[in-house]
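Single-letter residue listing:
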Amino acid sequence: MILTPVFSAFYGPAVGVPVCLLVEFCISLPLLRRTLPLVDWRQIATMLVAAAIGVPFGVWLLASADPAAMRWAISGIVLGAVLLLASGWRYTGRPVLAGTLAAGAASGFLNGLAGMAGPPVAFYYLAGAGAAAAIRASFIVYFAAVDLVALTGLTVRGLMTTQALLLAAVFVLPYIGGGLIGERLFKLASETFFRRLALVILTIVAIVTPFL
């Protein structure tokens, strides 16, 4: 939710979204081997089927929409997620098939449109009673798979350009470096401080980037 608005502001959504998806996909690959045994495959498979249906609609809208309007839409998605996070709301019912399919379809659509598969899945999936390690593993596998589906859709639509590939190659290492620094600092911060800092950063990104 931080990368996509910023990259879209500097390079346009048609370039920024593919770059973000490429970077995220590359980062997830080393984590897959250790997480596979912990994944809830039944639920993840159901969500992925729905996501695969939603992705082409998001990619189509990204390719055909006005870039300026898309930048505002991406910022609006981020700001909406921030408001939900700040409110503390999350789905409290038991995960059911219809809800799983809806969350997957919405996630796929947003991933194809804005490279942000996370919010629908996180708000829905975290309502379950699964162990933290299993939920984290399922997230890693799901996001890697749905990113691959979105990248395929972007390639078919002709949005996987040389510029996007080169920018992704440039940003992968700084992204990894920032992640390692954040991992060390995370241990020093309280949960309250972390949540507040994340919400402040996301709010600034959502409000400022449309004007860049």
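Quick notes on the rules
- Per chain, residues are indexed from 1 in the order of the written sequence.
- pLDDT decides what is reported in this predicted model: residues at 70 or higher carry local features, side-chain atom pairs at 80 or more are listed and counted, and totals for whole chains, interfaces and linings draw on all residues regardless.
- The side-chain figures draw on all heavy atoms in the structure; neither hydrogens nor water molecules are used.
- Only DSSP runs of H or I covering at least 4 residues are called helices, and only runs of E covering at least 2 are called strands; the numbering of each starts at the N terminus.
- Buried, partly exposed and exposed residues are distinguished by accessible area as a fraction of the type maximum, computed with a 1.4 Å probe on protein chains only: under 20%, between the cut-offs, and over 50%, respectively.
- Contact definition: two residues touch when any of their heavy atoms are within 4.5 Å.
- Like charges are joined within 9 Å and nonpolar side chains (Val, Leu, Ile, Met, Phe, Trp, Tyr) within 5 Å, but only among residues with over 30% relative accessible area and no salt bridge; these make up the patches.
- With residues, only the protein chains shown are counted as cover, and all accessible areas are computed by Shrake-Rupley using a 1.4 Å probe.
- Definition used for salt bridges: Asp or Glu carboxyl oxygen within 4 Å of a side-chain nitrogen of Lys or Arg.
- Any two rings among Phe, Tyr and Trp, with Trp reduced to its six-membered ring, count as a pair given centres within 6.5 Å; such a pair is stacked if its planes are under 30 degrees apart, edge-to-face if over 60, and tilted if neither.
- Note on geometry: axes are C-alpha line fits, over the in-contact stretch for helices, and angles between N-to-C directions span 0 to 180 degrees.
- Crossing handedness is defined as follows: a turn of the near helix away from the far one that is anticlockwise and smaller than a right angle gives a left-handed crossing, while the clockwise case is right-handed.
- Throughout, the ten residues Ala, Val, Leu, Ile, Met, Phe, Trp, Tyr, Cys and Pro are labelled nonpolar, Asp, Glu, Lys and Arg are labelled charged, and all others, Gly among them, are labelled polar.
- The span one expects for a helix is its residue count, reduced by one, times 1.5 Å.
- It is the directions from the helix axis to the C-beta atoms whose arc is reported.
- In protein, a polar contact means a hydrogen-donor-capable atom and an acceptor-capable atom, both N or O and within 3.5 Å, with residues adjacent in sequence counting only if both atoms are side-chain atoms; elsewhere, any N or O pair within 3.5 Å suffices.

(A) Focus on the side chain of threonine 100. Relative to the assigned elements, threonine 100 resides in helix α5 (residues 97-114). Its relative accessible area of 4% is what places threonine 100 among the buried residues. Discounting chain neighbours no more than four positions away, the residues touching threonine 100 are Gln43, Thr46, Met47 and Tyr124.

(B) Looking closely at a nonpolar patch on the surface. Among the surface-exposed residues, Phe10, Tyr11, Trp72, Leu79, Leu83, Val200, Ile204, Ile207, Val208, Phe211 and Leu212 lie close enough to one another that they form a single nonpolar patch of about 1100 Å² accessible area. Contributions of two or more residues to the nonpolar patch are made by α1 (3-11), α4 (67-87) and α9 (191-208). The leading source of residues in the nonpolar patch is α9, at 4 residues. Checked against the element boundaries, isoleucine 207 lands in helix α9. Assessed through its relative accessible area of 45%, isoleucine 207 is described here as partly exposed.

(C) A look at the packing of aromatic side chains. Tallying each qualifying case throughout the model produces 6 aromatic pairs. Look at phenylalanine 10 and tyrosine 11: their rings are 6.5 Å apart centre to centre, the planes differ by 70°, and that puts the pair in the edge-to-face class. Take tyrosine 11: its relative accessible area is 32%, and that puts it in the partly exposed class. Centre to centre, the rings of phenylalanine 139 and phenylalanine 143 are 5.6 Å apart; their planes meet at 40°, and the pair counts as tilted. Of the two residues, phenylalanine 139 and phenylalanine 143 both sit in helix α7 (residues 132-156), 4 residues apart, roughly one turn of that helix.

(D) Up close: the packing of helix α3 (residues 41-64) against α5. Their axes nearest at 5 Å, the elements α3 and α5 cross at an angle of 35°. Where α3 crosses over α5, the two elements pack in a sense that is right-handed. Here Gln43, Thr46, Met47, Ala50, Ala51, Gly54, Val55, Phe57, Gly58, Val59, Leu61 and Leu62 of α3 lie close against α5, whose contacting residues are Leu97, Thr100, Leu101, Ala103, Gly104, Ala105, Gly108, Phe109, Gly112 and Leu113. Partitioned by chemical class, the residues of the contact of α3 with α5 number 14 nonpolar, 8 polar and no charged.

(E) Seen up close, α4. For α4, which comprises 21 residues, the first-to-last C-alpha distance of 30 Å matches the rise-based estimate of 30 Å (1.5 Å per residue) to within 8%. Among the residues of α4, those classed as buried are Met70, Arg71, Ile74, Ser75, Ile77, Val78, Ala81 and Val82. Seen from one end, α4 has its buried residues packed into an arc of 150°, which puts them on one side. Those residues of α4 that are exposed and angled more than 90 degrees off the buried face are Leu83, Ala86 and Ser87. Elements in contact with the buried residues of α4: α1, α2 (13-35), α3, α5, α6 (118-125) and α9. Its side-chain oxygen placed 3.2 Å from the backbone nitrogen of alanine 68, aspartate 66 serves as the N-cap of α4. At the C-terminal side of α4, glycine 88 shows a positive phi close to 80°.

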